[in-house]
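# Fold and contact review
Take a look at the letters that make up each chain.
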Amino acid sequence: MNEAVLRDELKKLQQENSMLKESIIVLKKIITVKNRTINRMLDCYILQQK
């Protein structure tokens, strides 16, 4: 493999890495919101049981 091919491959991997990092951030935000929703539902359920 020559240097140009390796450089191109590195650039592709860096772009992919960047996209994956952004995806992880979005997924963390989604999970946070879902957790809040679940916690709220649980609180309501617990209050109804009393």
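We now turn to the structure provided with this report. Source: prediction; values computed, not measured. (Residues numbered from 1 in each chain as written. Predicted model: local features only at pLDDT ≥ 70, side-chain atom pairs only at ≥ 80, totals over all residues. Heavy atoms only, no water.)

### A word on the overall build of the protein
Rules: Only DSSP runs of H or I with at least four residues qualify as helices, and only runs of E with at least two residues qualify as strands; both kinds are numbered from the N terminus onward. To get the radius of gyration, use the C-alpha atoms; to get the globule rule, take the number of residues to the power 0.38 and multiply by 2.2 Å. In this scheme, a residue with accessible area under 20% of its type's maximum is buried, one over 50% is exposed, and one in between is partly exposed, where area comes from a 1.4 Å probe on protein chains only. For every accessible area listed, the method is Shrake-Rupley and the probe measures 1.4 Å; residues are considered covered only by the protein chains on display. Charge assignment in this entry is limited to Lys and Arg as positive and Asp and Glu as negative, and neither His nor the chain termini are counted. Where a charge lies is defined by one atom per residue type, namely NZ (Lys), CZ (Arg), CG (Asp) and CD (Glu).
A tally of helices and strands in the protein yields one helix and zero strands. The C-alpha radius of gyration of the protein comes to 22 Å, more than 25% above the 10 Å expected for a compact globule of 50 residues. With the C-alpha coordinates of the protein rotated into their principal frame, the extents come out at 70 × 10 × 5 Å. Within the protein, the proportion of its 50 residues that are buried is 0%. When the accessible surface of the protein is split by element, carbon and sulfur atoms take 62% of a total near 5,100 Å². Between the centroid of the 10 positive side chains of the protein and the centroid of its 6 negative side chains there is a distance of 13 Å.

### Comments concerning the environment of Ser23
Along the chain, the position of Ser23 falls in helix H1 (residues 3–49). Residues Ser23 and Lys50, spaced 27 residues apart in sequence, show a C-alpha to C-alpha distance of 41 Å.

### Overview of the pattern of salt bridges
What counts, and what does not: Whenever Lys or Arg places a side-chain nitrogen within 4 Å of a carboxyl oxygen from Asp or Glu, that contact is recorded as a salt bridge.
For the coordinates displayed, the defined rule picks out two salt bridges. Note that Glu3 is salt-bridged to Arg7, the shortest N-O span being 2.3 Å. You can see Glu3 and its partner Arg7 sitting in helix H1, four residues apart, about one turn around the helix. Residue classification places Glu3 among the exposed positions, given a relative accessible area of 55%. Here Arg7 falls in the exposed class, since its relative accessible area comes to 51%. Of the charged contacts in the structure, one is a salt bridge between Lys12 and Asp8, with a shortest N-O distance of 3.7 Å. One end of the pair, Lys12, and the other, Asp8, are both in helix H1, four residues apart, so they sit about a helical turn from each other.

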